[in-house]
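Below are the chains, spelled out letter by letter.
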Amino acid sequence: MKKLRASDELTEYLLGASEEDRAVIEDMFSSLESRLNLASVYERGIMRDYDRALVYLLSTGVSPDEAVKRLDPEKLGGYYCRESKTWYPLDSSAKVYPLSMSRNKMQVFRLSAYMTEPVVPELLQVALNAVITRFPCFAVSVRRGFFWHYLDGLKARFEVTEENDIPCGEIDISSSRSPAFRVQYYGDRISIEFFHILTDGTGGMVFLKTLVAEYARLLGADIPCTHGVADIRAIPDPQESENSFLEWYKPGPTGGFMGSPAAQMGGRLTRKRPSGVIHFIMDSDELRSAARQKGVSVTTLLTAAIFVASRASMDSPDGNIQIQIPVDMRRIHPSVTLRNFSLYASLKIPAGKVNNLDSILADVSEQLKSGTSEEYLNHMLTSAVMLVNAARPIPLALKGWFIRIIYGFLGDKLFSNTLSNLGIVEIPDELCPYVRMMDFVLGTVITNRAACSMVTVNGKAVLSIAKLTRDPSFEERLYAELTALGIHIEAEGSARNED
Amino acid sequence: MKIKNTYPRPDKRSAFMRVLRKVAIWVFLAAAVASVAVNLAIGGKPWCIVVVWSIFTASSLLFSPLVESGVIAQGTRLVLNAAVLLTLIDTLLAPGWAITAVPIMVAGSLIALSCLLFVEIKRHRVCSIPLTMSLGAAVVASALYNILTGGLNVPMLVLGCVALALFIAVCATMRGRLFFELKKYFHLR
């Protein structure tokens, strides 16, 4: 084991181990060493990860043979041996993110899995080392070109860290070796935060499920590669990194992006973004039953409740409340891309007409149907691609100023709030005993005081609200509206951040 | 509604840089506006242009870009800004010395930045394009200056030779990788 100075615990174990066990362990590290050709700091880091994971497994009574079998460096293949030669132009919707971001204002979202036992960081780190080899389009750093930003392949050790801040804070991408995502743990929760430049909720969920599945395998489970769990030994599909906006673009009618500024909820904007996160944990059967009683879908019901809660947090009845509903374009166009491929529906109701849930349900249902129609979304896709094509020959230095100004005036000012619903996420049955629930948190942007998102796993629907104000009226009214429908809610979240 | 806390308390972070940036932006803006106003009011040489460009150079260090703000990229930007600043001072205020001083400053800075690149070539080559282009631009500027003036300006000639040598060294070290980096840098997709 040339590159690793074994830890004291491992050295102590090896001294007392049999010849056979020593040989098995040394073979594992030899195999690992032969697969690493990175900067020495990364190589030492990865070797140390395996050392710590092995020590942990041995300390829990797992036999050396079984521990080595679970850790198996063959999962890494030759990924860390080869120089990175991959790069990816940004997809059509990602191009705006690096141009519109500023300090403390970055489009970040988080996906989390709550395990049934406290997370073992040593095993999570080794799981990440293996899983990232399957997703080269996430192993990237953000780079600046002359006309556009782009994603440059990055062969490095991506570190798992313990949470020490509010979710969806900014990610430091200033160095050419900085990744655009981070994996964190806290208690029983594994979280991945993505800069939106990389992927959307659907793509991010594939990564999370694969990471959690590999983590469970290191705990001893036998998890199949089904229900969206990728096989980490498989060759990555090039279509996973395609820009599906270009693949499905057809010249034709445009529409969907322009609009008037929306009424914004009250409450002073906090400096720290977001100022807090709240999760409403509900039984998905109760939620579905409440929606069925009203004769609408779950998304319609929740959107209507958000309209009412938004109105409750406004003093003035002037203006329109506009809710943005992201739509996964993979439901319309068959695409396996892991990059961004979503657009949005825009629902609008005058604030003065939002009195209670029942009075707006029909209107919300109708707008949701027309706003998520294939025709409307295809027009929006055409607009998006045409806008990007028009801006192509302009140097980035000029484009940046222009987009920042436009985004400052339009951007999230067109909406009062967002509801992004990932829907029911399936996981393999074998993974169910390990995963209690999942959540999905949207980072806040400039002016919207709240951003809502939801995901349903294992019968638990978790509605998350990321706040940009200390004013609690929005979430309190939303809670009241949902509990009035007979839905039991457990509320969890973060402490309110100081300004 | 009772909310169970399931998140760690955020670490307290020093607000010094945030406060500094917040104060600095107003100070810079005020200084820039004031200098233009005073210069227009009292007339004379357009020294406010020098002031505004100086403020821009200082602010580019304090408000570094959020993407690719490594040492070599920042250093290249600083060298170019400083060269423009010295040229402005020479052109607008006190002519006659910049043609000697600027090539020497630029040549020295390019040597220093190139040394940084070569010391950790594997790590820094991915952000070598701005430096490489600056070396190329220095060669072209030196050649053009000497051709157009018809004379032989020694500092510009030295700059041209140093930049050419460094440019050849960068190309030789990076070889095919350089075209790959250029292709990424200028992509239009």
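Please refer to the structure placed before this passage.
The rules we used
Residues numbered from 1 in each chain as written. Chains lettered and ligands numbered in written order. Predicted model: local features only at pLDDT ≥ 70, side-chain atom pairs only at ≥ 80, totals over all residues. Heavy atoms only, no water. Pairing = 2+ DSSP bridges. Helix = DSSP H or I, 4+ residues; strand = E, 2+ residues; numbered from the N terminus. Axes fitted to C-alpha atoms, helices over the stretch in contact; angles between N-to-C directions. Contact = heavy atoms within 4.5 Å. 1 Å grid on protein atoms, 1.4 Å probe; cavity = no way out; pocket = protein on both sides within 12 Å on 5 of 7 lines; lining within 4 Å. Points joined across faces, edges and corners; volume = space filled by probe spheres on them. Nonpolar A, V, L, I, M, F, W, Y, C, P; charged D, E, K, R; others polar. Patch = residues over 30% accessible without salt bridge, like charges linked within 9 Å, V, L, I, M, F, W, Y side chains within 5 Å. Areas by Shrake-Rupley, 256 points an atom, 1.4 Å probe, with all protein chains shown as cover. Salt bridge = Lys/Arg side-chain N within 4 Å of Asp/Glu carboxyl O. Lys, Arg positive; Asp, Glu negative; His and termini not counted. Charge placed at Lys NZ, Arg CZ, Asp CG, Glu CD. Core = buried A, V, L, I, M, F, W, Y, C linked by side-chain atoms within 4.5 Å. Buried < 20%, exposed > 50% of the residue type's maximum accessible area, 1.4 Å probe, protein only. Expected span 1.5 Å × (residues − 1). Phe/Tyr/Trp six-rings, centres within 6.5 Å; stacked < 30°, edge-to-face > 60°. Lys NZ or Arg CZ within 6 Å of the ring centre and 35° of its normal. Buried area = accessible area lost by both parts, 1.4 Å probe. Arc of directions from axis to C-beta. Polar contact = N/O pair within 3.5 Å; in protein donor to acceptor, adjacent residues only side chain to side chain.

Draft legend 1. Examining the sheet that holds strand 3 (residues 140–144) of chain A more closely. Spatially, the three strands line up as an open sheet ordered 1-4-3 (chain A), and their pairing is antiparallel. Where the open sheet ends on each side, the last strands, each with one partner, are strand 1 (87–89) and strand 3 of chain A. On average, adjacent strands in this sheet sit at an angle of 30° to one another, irrespective of strand direction. Inspection of the sheet shows strand 1 of chain A paired to strand 4 (residues 149–153) of chain A by three bridges, in the antiparallel sense. By the bridge assignment, tyrosine 88 of chain A is partnered in strand 4 of chain A with leucine 151 of chain A. Set on the sheet, helix 8 (residues 176–185) of chain B makes contact with strand 1, strand 3 and strand 4 of chain A; between it and strand 4 of chain A the angle comes to about 145°.

Draft legend 2. Highlighting the sheet that holds strand 5 (residues 160–162) of chain A. Residues and elements named next belong to chain A. Here we have five strands laid out as an open sheet, ordered 5-6-7-2-12, and mixed in their pairing. At either end of the open sheet lies a strand with only one pairing partner, and these are strand 5 and strand 12 (435–442). Going across the sheet, the axis of each strand differs from the next one's by a mean of 25°, ignoring polarity. As paired elements, strand 5 and strand 6 (residues 181–186) share three bridges and run parallel to each other. Within the sheet, the bridge partner assigned to threonine 161 lies in strand 6 and is glutamine 184. On top of the sheet, helix 6 (residues 121–131) reaches strand 5, strand 6 and strand 7 (189–195); it is set at about 160° to strand 6, its chief contact. Along the sheet, helix 7 (residues 201–218) contacts strand 2 (108–115), strand 6, strand 7 and strand 12; its crossing angle with strand 2, the most-contacted strand, is approximately 30°.

Draft legend 3. Just empty space enclosed by the protein, in detail. Residues and elements named next belong to chain A. By the definition in use, this model includes two cavities of 30 Å³ or more. Its boundaries defined by the atoms lining it, the largest cavity holds a volume of some 80 Å³. Along the wall of the largest cavity there are ten residues; nearest its centre are Ser100, Lys105, Met106, Gln107 and Val445. Each residue belonging to the lining of the largest cavity can be placed in one class, and the counts come to six nonpolar, three polar and one charged. Space inside the second largest cavity adds up to approximately 60 Å³. Lining of the second largest cavity is provided by Asn104, Lys105, Met106, Val108, Cys168, Gly169, Glu170, Arg273, Pro274, Gly443 and Thr444.

Draft legend 4. Focus on a negative patch on the surface. On the surface, a cluster of negative charge is contributed by Asp222, Glu426, Asp429 and Glu430 of chain A. By the secondary structure assignment, glutamate 430 of chain A is in the loop between strand 11 (417–424) and strand 12.

Draft legend 5. Geometry of the nonpolar core. Residue and element names in this part refer to chain A. Counting residues in hydrophobic clusters, the biggest one holds 106 residues, and the most contacted among them are Phe138, Phe181, Phe195 and Phe207. With ten residues, the single largest contributor to this core is helix 7. Filtering out sequence-adjacent residues up to four positions away, phenylalanine 138 remains in contact with Ile132, Phe181, Phe194, Leu198, Thr199, Gly203, Phe207 and Leu338. In terms of nonpolar packing, the next biggest core, distinct from the first, is built from 58 residues, Ala345, Leu347, Leu357 and Ala450 among them.

Draft legend 6. Main features of helix 2 (residues 47–62) of chain B. All names here are of chain B. Here helix 2 contains 16 residues, and its C-alpha end-to-end distance of 23 Å stays within 8% of the 22 Å for a straight helix at 1.5 Å per residue. Regarding helix 2, the residues found buried are Cys48, Val50, Ile55, Thr57, Ser59, Ser60 and Leu62. Looking at the buried positions of helix 2, the neighbouring elements they touch are helix 1 (16–42) and helix 3 (71–92).

Draft legend 7. Main features of the packing of aromatic side chains. With the rule as written, the count across this model stands at 20 aromatic pairs over all chains. An angle of 45° between the planes, with centres 6.4 Å apart, marks the rings of phenylalanine 146 of chain A and tyrosine 185 of chain B as tilted. With phenylalanine 146 of chain A in the loop between strand 3 and strand 4 and tyrosine 185 of chain B in helix 8, the pair connects residues from two separate chains. For tyrosine 185 of chain B, a relative accessible area of 13% gives the class buried. Each residue in the set Phe109, Phe135, Phe138, Phe158, Phe181, Phe194, Phe207 and Phe440 of chain A is aromatic and connected to the rest through ring pairs, giving one cluster. Lying across the ring of tyrosine 7 of chain B, arginine 189 of chain A places its NZ or CZ 4.0 Å from the centre. The aromatic ring of tryptophan 148 of chain A is capped on one face by lysine 399 of chain A, whose charged end is 3.6 Å from the ring centroid.

Draft legend 8. How the structure looks around the interface of chain A and chain B. In this assembly, 52 residues from chain A lie in contact with 39 residues from chain B. The contact between chain A and chain B buries some 4,200 Å² in all, and 54% of this surface belongs to carbon and sulfur atoms. It is Trp87, Arg103 and Asn164 of chain A that lose the most area in chain A upon contact with chain B, and together they represent 16% of the buried surface on that side. Here chain A is connected to chain B by three salt bridges.

Draft legend 9. The packing of helix 3 of chain B against helix 6 (residues 129–149) of chain B, seen in detail. Residues and elements named next belong to chain B. Their axes nearest at 8 Å, the elements helix 3 and helix 6 cross at an angle of 30°. Contact residues: Ile72, Thr76 and Leu80 in helix 3; Pro130, Leu131 and Ser134 in helix 6. Considered class by class, the residues forming the contact of helix 3 with helix 6 number four nonpolar, two polar and no charged.

Draft legend 10. Just helix 9 (residues 284–294) of chain A, in detail. All names here are of chain A. What helix 9 keeps buried is the set Ser284, Leu287, Ala290 and Ala291. One face of helix 9 carries all of its buried residues, which in axial projection span an arc of 130°. Turned more than 90 degrees away from the buried face of helix 9 sit Arg292 and Gln293, all of them exposed. Next to the buried residues of helix 9 lie strand 8 (276–283), helix 10 (298–312), strand 13 (450–457) and strand 14 (460–467). The opening residue of helix 9, the one whose side-chain oxygen lies 2.9 Å from the backbone nitrogen of aspartate 285, is aspartate 283. Looking one or two residues past helix 9, glycine 295 carries a phi angle of roughly 75°, positive in sign.

Draft legend 11. Spatial organisation of the pattern of salt bridges. Inspection of the entire model under this criterion finds 24 salt bridges over all chains. Between glutamate 193 of chain A and arginine 110 of chain A there is a salt bridge, with its nearest N and O atoms 2.9 Å apart. With glutamate 193 of chain A in strand 7 and arginine 110 of chain A in strand 2, the pair connects residues that are 83 residues apart, well separated along the chain. Like glutamate 193 of chain A, the residue arginine 110 of chain A is buried in the burial classification. Of the charged contacts, one joins glutamate 181 of chain B and lysine 184 of chain B as a salt bridge, the two residues approaching to 3.2 Å between their closest N and O atoms. Of the two residues, glutamate 181 of chain B and lysine 184 of chain B both sit in helix 8, three residues apart, roughly one turn of that helix. Each member of the pair, glutamate 181 of chain B together with lysine 184 of chain B, is buried. Taken together, the shared-partner salt bridges in this structure form one network comprising Glu83, Arg143 and Asp152 of chain A together with Glu68, Arg177, Glu181 and Lys184 of chain B.

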